[in-house]
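Each chain, letter by letter, is given below.
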Amino acid sequence: MSSSSFSSCASCFLQNQGGGGGRCSRQTRRQSRPSSSSRRRQRSVLFLRACAAQRTSGNDDDDEDDAKKTKQQHQQNEKNKKKNIAVFISGGGSNMRAIHAACETGEIHGQISLVVTSSYTAGGVEWAMDRDVPVLLYPGGEDLAESERISPSELNEFLKNEYKIDVVLLAGYLRLIPPELCRTFENKMLNIHPALLPAFGGRGMHGAKVHEAVVNSGARFTGSTVHFVNENFDEGKIVSQRIIRIDPSWTAEEVARRVLKEEHEVFPEVVAALCDERIEFREADGVGVIIDKMDSNKRY
Ligand code: GRF
């Protein structure tokens, strides 16, 4: 296979982790990306519709066995099991790394089982691949052929049934989440936003734009917000916020740096609460409230 072509899918990616295992024999498609790391990502990340079908199909006996095994496994693991986390990224993935670190220390009772990226050039892709975390491309860029894209329902099925995902985290993912995914993971999907919502949020408000808008507004406070995800950008119910006082001499870059640092603390804290099932919902409006880990009478 030439280095400028690929024949990969999520299942191939998993098999290949063992060191040269089987590859999907799907016909390849020419790509013209320049760097070798880009090519590596292309080969490993791209998810082909046909490969997804292959993974989810099988004969009836296999299905019965699978069902039995799944039931037993479910019963065995349900109580106090580590939650399977899917992280959606579009950028560097520093929040994903903070989540991973908290899983490693045990602060979060869970593990990153899947990374979903909107682009194979996202910085966090390399990081995930180096740790053998499967990476799924969704929805992919304009250069991705229609036949190679997965649909929202395939994505939904994949997360729910194939990877048994319990919790979905949007950590700098720039695309709108399909409504059916929002329904499947209602109150199980969190986003982190680098400002104090409901201000400075919504479509197009991401990255540097947020911090520039904050600084230009003259606001003296900013921070980060963790909220549940609904069908609109940055509009789900808030679970937690961290506040930073802005010095009027600060640039947008300075604000961004300080907010990101705060994000790396608040996001794992909320994810830990979600995985421990320590989030309650305010009766009147469904706002998420965290039950303190050390004192179950305390809410914040
Ligand atoms: C963070 O600022 C987050 O609030 C926003 O996107 C940025 C992602 O940064 N949604 P990183 O990719 O986690 O470093």
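Owing to the predicted nature of the structure, the values given are computational and were not obtained by experimental measurement.

Draft legend 1. Representation of the overall build of the chain. Scanning the chain for helices and strands turns up 10 helices and 11 strands. Relative to its 300 residues, the chain shows a buried fraction of 46%. If you take every contact in the chain between residues at least 6 apart in sequence, the share linking residues at least 24 apart comes to 67%. Carbon and sulfur atoms make up 46% of the accessible area of the chain, which totals about 15400 Å².

Draft legend 2. Here's a closer look at the sheet that holds strand S3 (residues 83-89). Judged by pairing direction, the sheet is mixed, and its 7 strands sit side by side in the order S5-S4-S3-S6-S7-S8-S9 without closing on themselves. The open sheet has two edge strands with one neighbour each: strand S5 (135-137) and strand S9 (238-245). Between one strand and the next, the sheet's axes are offset by a mean angle of 20 degrees, whatever the strand orientation. In this structure, strand S6 (residues 167-170) lies alongside strand S7 (residues 189-193), joined through 3 bridges in parallel fashion. Residue pairing for S7: Leu-170 is matched across the bridge by Asn-191.

Draft legend 3. The pattern of salt bridges, seen in detail. Applying the stated criterion to the full structure yields 14 salt bridges. Across the salt bridge formed by Arg-149 and Glu-146, the nearest N and O atoms sit 3.5 Å from each other. Residues Arg-258 and Glu-254 are paired through a salt bridge, measuring 2.6 Å at the closest nitrogen-oxygen approach. In this pair, Arg-258 and Glu-254 are both assigned in helix H10 (residues 252-275), 4 residues apart and thus about one turn of the helix distant. Linked through salt bridges whose partners overlap, the residues forming this network are Arg-242, Glu-262, Glu-265 and Glu-269.

Draft legend 4. Just the site of the ligand, in detail. The environment of the ligand is formed by Gly-91, Gly-92, Gly-93, Ser-94, Asn-95, Gly-172, Ile-192, His-193, Pro-194, Leu-260 and Glu-263. Interatomic distance of 3.4 Å between a backbone N/O atom of Gly-92 and an oxygen atom of the ligand. Here a nitrogen atom of the ligand and a backbone polar atom of Ile-192 are 2.9 Å apart. Starting from 360 Å² of accessible surface for the ligand in isolation, the protein chains cover 80%. Of all the elements in the fold, those that place two or more residues in the shell around the ligand are helix H5 (94-105), S7 and H10. Each residue belonging to the shell around the ligand can be placed in one class, and the counts come to 3 nonpolar, 7 polar and 1 charged.

Draft legend 5. Structural view of the confidence of the model for the chain. For the chain, mean pLDDT is 83; residues scoring 70 or higher make up 76% of the total. The low-confidence segment residues 1-34 (pLDDT under 50) makes 77 contacts with residues lying over four places distant or belonging to another chain. Across residues 48-58 the pLDDT falls below 50, and counting only partners more than four positions away or on other chains, this stretch makes 23 contacts in the model.

Draft legend 6. Spatial organisation of the packing of aromatic side chains. Under the counting rule described, the total for this entry stands at 3 aromatic pairs. Measuring from ring centre to ring centre gives 5.1 Å for Phe-88 and Tyr-173, while their planes differ by 85 degrees; the resulting arrangement is edge-to-face. In this pair, Phe-88 sits in strand S3 while Tyr-173 sits in the loop between S6 and helix H8 (179-184), placing the two residues 85 residues apart along the sequence. Assigned by exposure class, Phe-88 and Tyr-173 land together as buried. Considering the side-chain rings of Phe-158 and Tyr-163, the 5.2 Å spacing of their centres and the 55 degrees angle between planes classify their relative orientation as tilted. Residue Tyr-163 is classed as buried on the basis of its relative accessible area of 11%.

Draft legend 7. Up close: a negative patch on the surface. A cluster of acidic residues, Asp-62, Asp-63, Glu-64, Asp-65 and Asp-66, forms a negative patch on the protein surface. Along the polypeptide, Asp-66 turns up in helix H4 (residues 60-78). Given a relative accessible area of 41%, Asp-66 falls into the partly exposed group.

Calculation rules
- Residues numbered from 1 in each chain as written.
- Predicted model: local features only at pLDDT ≥ 70, side-chain atom pairs only at ≥ 80, totals over all residues.
- Heavy atoms only, no water.
- Helix = DSSP H or I, 4+ residues; strand = E, 2+ residues; numbered from the N terminus.
- Buried < 20%, exposed > 50% of the residue type's maximum accessible area, 1.4 Å probe, protein only.
- Contact = heavy atoms within 4.5 Å.
- Areas by Shrake-Rupley, 256 points an atom, 1.4 Å probe, with all protein chains shown as cover.
- Pairing = 2+ DSSP bridges.
- Axes fitted to C-alpha atoms, helices over the stretch in contact; angles between N-to-C directions.
- Salt bridge = Lys/Arg side-chain N within 4 Å of Asp/Glu carboxyl O.
- Near = heavy atom within 4 Å.
- Polar contact = N/O pair within 3.5 Å; in protein donor to acceptor, adjacent residues only side chain to side chain.
- Nonpolar A, V, L, I, M, F, W, Y, C, P; charged D, E, K, R; others polar.
- pLDDT = per-residue confidence, 0-100.
- Phe/Tyr/Trp six-rings, centres within 6.5 Å; stacked < 30°, edge-to-face > 60°.
- Patch = residues over 30% accessible without salt bridge, like charges linked within 9 Å, V, L, I, M, F, W, Y side chains within 5 Å.
- Lys, Arg positive; Asp, Glu negative; His and termini not counted.
- Charge placed at Lys NZ, Arg CZ, Asp CG, Glu CD.

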